[in-house]
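Tertiary structure, described
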Amino acid sequence: DTEALLAELAGTEAVLCTHGNVMSALLDRLRRRGVKLGGRRHSGGGGKGSFWRLEGNGGDGWSRATYEPPPS
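Every value quoted in this text rests on a predicted model; they were computed, and no experiment measured them.

Focus: the sheet that holds strand E2 (residues 51-56)
Across the sheet, three strands lie side by side as E1-E3-E2; this open sheet has mixed pairing. Bordering the open sheet on either side are strand E1 (36-38) and E2, each of which pairs with just one other strand. Strand after strand, the sheet turns through a mean of 20 degrees between neighbouring axes, direction not considered. Of the strand pairs in this sheet, E1 and strand E3 (residues 62-68) are connected by three bridges, and their pairing is parallel. Residue Lys 36 lies in a different strand from E3, and its bridge partner there is Arg 64.

What about the packing of aromatic side chains?
This structure, assessed with the given rule, holds one aromatic pair. Note on Trp 52 and Tyr 67: the rings are 5.4 Å apart at their centroids and 65 degrees apart in plane angle, and the pair reads as edge-to-face. Placement of the pair is Trp 52 in strand E2 and Tyr 67 in strand E3, with a sequence separation of 15 residues. Residues Trp 52 and Tyr 67 agree in their burial class; the two are buried.

Criteria and thresholds
Residues numbered from 1 in each chain as written. Predicted model: local features only at pLDDT ≥ 70, side-chain atom pairs only at ≥ 80, totals over all residues. Heavy atoms only, no water. Pairing = 2+ DSSP bridges. Helix = DSSP H or I, 4+ residues; strand = E, 2+ residues; numbered from the N terminus. Axes fitted to C-alpha atoms, helices over the stretch in contact; angles between N-to-C directions. Phe/Tyr/Trp six-rings, centres within 6.5 Å; stacked < 30°, edge-to-face > 60°. Buried < 20%, exposed > 50% of the residue type's maximum accessible area, 1.4 Å probe, protein only.

This is the structure in structure tokens:
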């Protein structure tokens, strides 16, 4: 369901909130589809207050996901 929502939102600007376990699974699927992961490389989705910025590929998919840590 999460991937379907992301496909629907491709080409738009949106903010979504989820839990780390959902984000971890999503990052794994994105990585397997060739999306480059930048910033932080680990199996978890990130800490509280952190976020991932997804960049579109100009179509209906994603080219890059970049980890942004929580503010200090």
